[in-house]
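Listed below are the residues making up each chain.
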Amino acid sequence: MTLVALRRGVQSSEVHAERRDESGADVDEPERSIARVTRFLVALAVLWLVGGPPAAMAASRPNVLFILCDDLRPDALGAYGSKQVRTPHIDALAKDGVRFANAFCTTSLCSPSRASILTGVYAHRHGVRDNFTELPAALPHWPGRLHDSGYATAYIGKWHMGENNDAPRPGFDWFVTHKGQGKYFDTEWNINGLRRETPPGYYTHVVTDYAIEWINRQPAGKPWSLCIGHKAPHSFYFPEPRYTNAFNGVRVPYPDSAFHLEGKPDWIRQRLDTWHGIYGPLFEWRKQFPDRRPEAVRDFENMVRAYWGTLLSVDDSVGRLVDHLKRTGQYDDTLIIFMGDNGLLEGEHGMVDKRTMHEPSIRIPIIARGPGLPAGKVVEGQVLAMDTAPSILDLCGARPLDGIQGRSWRKLASRGDRSWRTAWFYEYNYEKQFPYTPNIRGIRTDRWKYVRYPHGDGTPDRHVPELYDLRADPGELRNLAEDRRHASVRRRLEKQLTSLMAAEGLPPDRDRMPVDQGIKGELPDQKIR
């Protein structure tokens with residue numbers, strides 16, 4: 001019996017019933033209304049006990065397939081305008097759902113951003129400020145909330161919060177991961193704490209195999225939530241053999257912005273020859289460094305080609321997963337979210353890696369499709385990684401997490417939201433293990449970006465700040481921070497940044513950070529690269 005049929009049955013019984021009480025007097029309308037509601041709720045409870053939740057209620061509890069990539073630039077996907085990388089399966093998700101054109105991370109570093117995606121709060125709230133810190137076990141996250149709501153939950157792939165810990169984490173019925181970064185080939189996996197195994201093969205395909213196996217084990221009628229954490233396209237970049245030479249004919253020059261550093265802070269020029277600079281080792285694609293010779297661009301070119309090659313396998317994985325959901329009749333009832341944890345600099349401003357607040361470093365792709373979302377929609381509003389948690393819970397009809405800082409974009413995606421944010425702030429703390437980026441606090445509005453570099457001990461900043469008019473200068477080529485004609489804009493943004501941070505629990509007297517020890521030339525430890 002369906003919910004509609006049940007409702008009709010109740011209504012029919014009311015039509016044929018006597019509308020009088022035992023004494024023969026007419027029953028008041030309020031009493032009849034209460035009686036109707038009571039009979040309906042009793043019948044609904046009986047139906048639930050006999051046959052499970054009604055179809056209308058089950059439809060509000062979609063399955064969730066969450067696919068997270070590592071260091072994924074939006075412009076490396078066809079749906080976001082890539083002219084080189086063809087990603088037909090990911091593009092198809094965008095056509096069937098919503099593509100967020102202006103999505104950002106609030107800390108461009110793997111572990112802090114992943115923690116924000118799960119919990120819906122900034123890094124200073126969840127406490128994961130680097131790639132070596134565990135996500136606090138007691139901190140609520142959206143998969144755990146779904147688990148408490150009756151979902152079967154699993155995480156399969158790169159977790160990367162707690163470098164040497166591959167044990168199962170709270171909130172998941174099934175947890176398959178590895179220590180550290182994992183390897184593109186022949187990674188050792190911890191299978192839910194039960195055993196360790198090293199299946200031969202390419203990471204992207206192995207994690208997809210594990211995912212499909214888990215989906216196949218789920219009983220009919222119970223919603224499930226599966227998180228897949230890809231290694232790709234994180235360094236070091238090793239495509240699978242069939243894609244090793246996929247981009248050999250594509251020329252990849254250094255970006256023009258690498259040669260226009262005038263007016264920018266000195267630390268950017270100091271970074272050029274380091275582990276995170278374009279003349280440095282390029283994640284071991286360059287063996288002799290620093291190398292500023294024009295012909296050394298070949299090393300940069302090979303690095304970018306390999307990065308692209310790893311993404312072709314991710315697209316294949318998405319195709320396999322979608323095909324499996326369609327063949328098993330689950331596609332229409334599954335919310336699929338595909339996104340990256342942070343962006344990536346590929347030569348812009350002379351830098352590689354991420355961490356900075358420049359656009360390529362903070363921009364991430366987010367694509368969502370499934371029940372409750374329109375198809376073929378492009379959303380222009382500024383969406384943040386930490387909006388993921390409240391959005392998924394909203395779309396699944398689950399109770400929201402308390403006191404979070406992210407916002408559900410369901411309304412924004414469906415019909416627009418005039419109250420949506422027009423500004424947000426960015427935070428990053430200097431890392432002694434990777435001493436190539438200073439402390440960063442910045443604000444991005446729909447038009448402007450202002451970035452400052454606190455020294456960390458309360459003394460005045462020692463680096464020139466950056467100010468960009470993103471509407472006139474989307475490539476951030478001209479720093480306006482010292483331009484007197486924009487002094488009032490700078491003052492306004494400085495004040496707005498302070499207010500935003502204070503509103504989110506980070507006033508100046510509580511903003512703790514390491515002391516900036518400067519840009520250093522040594523390479524990071526081999527074990528943590």
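### Considering the pairing of strand β11 (residues 363-369)
The element β11 is largely enclosed, with a buried count of six among its seven residues. Pairing between strand β2 (residues 98-104) and β11: five bridges, direction antiparallel. For R99, the partnering residue across the bridge sits in β11 and is I367. As defined by bridge partners, strand β8 (residues 334-340) adjoins β11 across four bridges and the pair is classed as antiparallel. Bridged to F338 within β11 is I367.

### Re helix α12 (residues 388-395)
Burial of α12 is extensive: seven of the eight residues sit out of reach of the surface. Residues T388, A389, P390, S391, I392, L393 and L395 constitute the buried set of α12. Immediately beyond the C-terminal end of α12, within one or two residues, lies G397, with a positive phi of roughly 70 degrees.

### Re the environment of K179
Locating K179 in the fold gives a position in the loop between β4 (174-177) and β5 (189-191). On a C-alpha basis, the gap between K179 and D166 in space is 5.1 Å, while along the polypeptide they are 13 residues apart. Not counting chain neighbours up to four residues away, the residues in contact with K179 comprise E163, N164, N165, D166 and R196.

### Looking at the sheet that holds strand β17 (residues 466-469)
Read across the sheet, four strands follow the order β14-β15-β16-β17 without closing on themselves; strand pairing throughout is antiparallel. Each having just a single partner strand, β14 (423-428) and β17 make up the two edges of the open sheet. Pairs of neighbouring strands in the sheet enclose a mean axial angle of 10 degrees, with direction left out of account. Here strand β16 (residues 448-452) pairs with β17 via four bridges, running antiparallel. Across the sheet, residue Y450 finds its bridge partner in β17, namely L467. Set on the sheet, helix α14 (residues 487-503) makes contact with β14, β15 (440-445), β16 and β17; between it and β15 the angle comes to about 105 degrees.

### What to know about the side chain of T208
Here T208 shows up in helix α8 (residues 203-216). By relative accessible area, which is 1% here, T208 ends up buried. Beyond its immediate sequence surroundings of up to four residues, T208 is in contact with H230, S317, R320 and L321.

### Quick word on the packing of aromatic side chains
Enumeration over the complete set of coordinates arrives at 25 aromatic pairs. With centroids separated by 5.3 Å and ring planes inclined at 70 degrees, the aromatic side chains of W159 and F175 adopt a geometry described as edge-to-face. Residue W159 is found in the loop between β3 (152-157) and β4, and its partner F175 is found in strand β4; the two are separated by 16 residues along the sequence. As far as the burial class goes, W159 and F175 line up, both buried. Taking 6.1 Å as the distance between ring centres and 90 degrees as the angle between the ring planes, the aromatic pair formed by W214 and W224 counts as edge-to-face. Taken as a pair, W214 in helix α8 and W224 in strand β7 (residues 224-229) lie far apart in primary sequence, ten residues in all. Judged on exposure class, the residue W214 and its partner W224 are both buried. One aromatic cluster is present, built from ring pairs that chain together F236, Y237, W275, F283 and Y307. Lying across the ring of Y331, K326 places its NZ or CZ 4.9 Å from the centre. Across from the ring centre of F434, 4.5 Å away, lies the NZ or CZ of R355, which sits over that ring.

### Thoughts on the nonpolar core
Membership of the largest hydrophobic core comes to 141 residues, with the highest contact counts inside it found for F100, W142, L226, F338 and W409. The greatest single-element share of this core, amounting to 13 residues, is contributed by helix α10 (residues 297-327). Here W409 is in contact with F100, I337, A368, L373, V383, D387, S391, L395 and W420, once residues within four sequence places are set aside.

### Here we look at the pattern of salt bridges
Inspection of every chain in the model, using the stated rule, returns 41 salt bridges. As a salt-bridge pair, E295 and R293 come within 3.2 Å of each other at their nearest N and O atoms. Its relative accessible area of 33% is what places E295 among the partly exposed residues. Note that R452 is salt-bridged to D461, the shortest N-O span being 2.8 Å. The class of R452 is partly exposed, set by a relative accessible area of 27%. Put simply, D71, D353, K354, R355 and E431 are held in one network by salt bridges that share partners.

### Looking at the side chain of E163
Among the secondary structure elements, E163 is positioned in the loop between β3 and β4. Despite being buried, E163 has no salt bridge partner; K158 is the closest side chain of opposite charge, sitting 8.1 Å away.

### Comments concerning the confidence of the model for the protein chain
Averaged over all residues, the pLDDT of the protein chain is 91; the fraction at 70 or higher stands at 89%. Ignoring residues within four places in sequence, the model shows residues 40-58, a span with pLDDT below 50, making 18 contacts including any to other chains.

### What about the packing of α8 against α10?
Remark: α8 packs on α10, axes separated minimally by 10 Å, with the N-to-C direction vectors making an angle of 15 degrees. In terms of orientation, α8 lies roughly parallel with respect to α10. Considering only the axes of α8 and α10, their crossing is right-handed. Where α8 approaches α10, its residues T204, H205, T208, D209, A211, I212, I215 and N216 are matched on the opposing element by S313, V314, S317, R320, L321, H324 and L325. Each residue belonging to the contact of α8 with α10 can be placed in one class, and the counts come to six nonpolar, seven polar and two charged.

Definitions and limits used
- Residues numbered from 1 in each chain as written.
- Predicted model: local features only at pLDDT ≥ 70, side-chain atom pairs only at ≥ 80, totals over all residues.
- Heavy atoms only, no water.
- Buried < 20%, exposed > 50% of the residue type's maximum accessible area, 1.4 Å probe, protein only.
- Helix = DSSP H or I, 4+ residues; strand = E, 2+ residues; numbered from the N terminus.
- Pairing = 2+ DSSP bridges.
- Contact = heavy atoms within 4.5 Å.
- Axes fitted to C-alpha atoms, helices over the stretch in contact; angles between N-to-C directions.
- Phe/Tyr/Trp six-rings, centres within 6.5 Å; stacked < 30°, edge-to-face > 60°.
- Lys NZ or Arg CZ within 6 Å of the ring centre and 35° of its normal.
- Core = buried A, V, L, I, M, F, W, Y, C linked by side-chain atoms within 4.5 Å.
- Salt bridge = Lys/Arg side-chain N within 4 Å of Asp/Glu carboxyl O.
- Lys, Arg positive; Asp, Glu negative; His and termini not counted.
- pLDDT = per-residue confidence, 0-100.
- Parallel < 35°, antiparallel > 145°, perpendicular 65-115°, else oblique.
- Left-handed = near helix turned anticlockwise from the far one by under 90°.
- Nonpolar A, V, L, I, M, F, W, Y, C, P; charged D, E, K, R; others polar.

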